[in-house]
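# A closer look at the structure
If you want the building blocks of each chain, they are given just below.
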Amino acid sequence: MTSTKNDKNTRTTGRPTLNEVARLAGVSPITASRALRGVSTVAAELVEKVQKAALELNYVVNPAARALASAQSHSVVVLVPSLSNLLFIDTLEAIHRVLRPKGFEVLIGNFHYSRDEEENLLRNYMAYQPRGLLLTGFDRTESSRRMIEASNIPCVYMMELDSAAGVNCVGFSQLAAGETAAEHLLSRGRKRLAYIGAQLDQRTLLRGEGFRKALQKAGLYDPDLEVLTPRASSVGLGGELFLQLLASHPDVDAIFFGNDDLAQGALLEAMRCGIKIPGQVAILGFNDLPMSEHMVPRLSSINTPREAIGRRAAEQMLTLMAGNTVAKPVQDMGFELKVREST
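Read on for a plain summary of the structure. Computed from a predicted structure; not experimentally measured. (Residues numbered from 1 in each chain as written. Predicted model: local features only at pLDDT ≥ 70, side-chain atom pairs only at ≥ 80, totals over all residues. Heavy atoms only, no water.)

### Some points on the environment of Pro-16
In this fold, Pro-16 is placed in the segment before α1 (18–25). Accessibility expressed as a relative area gives 18% for Pro-16, which makes it buried. Along the backbone, Pro-16 and Leu-92 are 76 residues apart, and their C-alpha atoms lie at a distance of 32 Å. (Helix = DSSP H or I, 4+ residues; strand = E, 2+ residues; numbered from the N terminus. Buried < 20%, exposed > 50% of the residue type's maximum accessible area, 1.4 Å probe, protein only.)

### Let's talk about the nonpolar core
Judged by nonpolar contacts, the single largest core of 39 residues is most densely connected at Leu-99, Leu-134 and Phe-211. When near neighbours in sequence (up to four residues on either side) are disregarded, Leu-134 contacts Val-76, Val-77, Val-78, Leu-79, Ile-95, Leu-99, Val-156, Met-158, Ala-313 and Met-317. Core analysis: the second largest hydrophobic core is formed by 24 residues, Val-252, Ala-266, Ile-277 and Met-295 among them. (Core = buried A, V, L, I, M, F, W, Y, C linked by side-chain atoms within 4.5 Å. Contact = heavy atoms within 4.5 Å.)

### Comments concerning the sheet that holds strand β10 (residues 300–303)
One open sheet holds the six strands; their spatial order is β7-β6-β8-β9-β10-β12, and the pairing between them is mixed. At either end of the open sheet lies a strand with only one pairing partner, and these are β7 (226–229) and β12 (336–338). The average undirected angle you get between the axes of adjacent strands in this sheet is 15°. Both strand β6 (residues 193–198) and strand β8 (residues 254–257) contribute to a ladder of four bridges, which runs parallel. Its bridge partner lying in β8, Ala-194 is registered against Ile-255. (Pairing = 2+ DSSP bridges. Axes fitted to C-alpha atoms, helices over the stretch in contact; angles between N-to-C directions.)

### Some details on the packing of aromatic side chains
Within this structure, the stated rule accounts for eight aromatic pairs. Centroid distance Phe-172 to Phe-286: 6.3 Å. Interplanar angle 35°. Geometry classified as tilted. In this pair, Phe-172 sits in the loop between β5 (169–171) and α8 (174–187) while Phe-286 sits in strand β9 (residues 282–287), placing the two residues 114 residues apart along the sequence. As far as the burial class goes, Phe-172 and Phe-286 line up, both buried. Taking the relative accessible area as the measure of exposure, Phe-172 reaches 2% and is therefore buried. What links up through ring pairs into an aromatic cluster is the set Phe-172, Tyr-195, Phe-211, Phe-256, Phe-286 and Phe-335. (Phe/Tyr/Trp six-rings, centres within 6.5 Å; stacked < 30°, edge-to-face > 60°.)

Written as structure tokens, this is what we have:
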């Protein structure tokens, strides 16, 4: 009778284990684990050996098993409201560049601007016992807030600022950005200023609030010139809302759009319809996406430091995961008005 070897380093499922990868590569299991996680302190030649062994054995990392074995996960959860918006893509790339060399896996969740969907993602990702949470803004369900607080997992909030005790955040003042937009258009001698916003997440609403406050201070605010829709922001929607606004209010001489894609759509419709920009209407966008400086005319916009926010938020997270306190928990990264031909 053939006896079955009881090797604690093999699985009864027959799937390859980390110990088998380590043996084939001629390294310790700890070195193999670090090499597969991308820890920068592992020598390049060892990483190559481990990766070759893993490929030969068809080994796939099991993050849940790793967390159970070490009682500590190497995952950081990042939740963003959109993966179609370059704003968040730039932020995610920066987070990866900081965390990956330190051996952390980035688990990305897209909650599509839905607070309920974000709550479900949080609940599901908690099963991975993540080491940290990088979250977008402060607008979420009460259940999500309680879940985050009860977890005792380090958390850094991105894109917005809050000076409340114990909060670590990296972003800029959306309110101040809206005020700056209005002040710029007013400085150009514009009198009939409109705001067009879509999606209506908290940050879009705060920009509109800042814009409104500046116009009220100047005595030029008209609530009829505030166009808000819950529809998803897009180039097509921007053109549509632009034409609708001018049809109902032909005296509008400046428009601040809550996102660059909306403003880009307006510029395209203006060109199609022979509307002179900025002669008849000045157009200002927000986020300064890559295409904006190549539009015709070139689009004025408020540049947001999305890459810097991702990098600094990830750096804060590394500090917190090391058990240390962040010296400056609230980090205002600012924004920059980019004045171009459209205003």
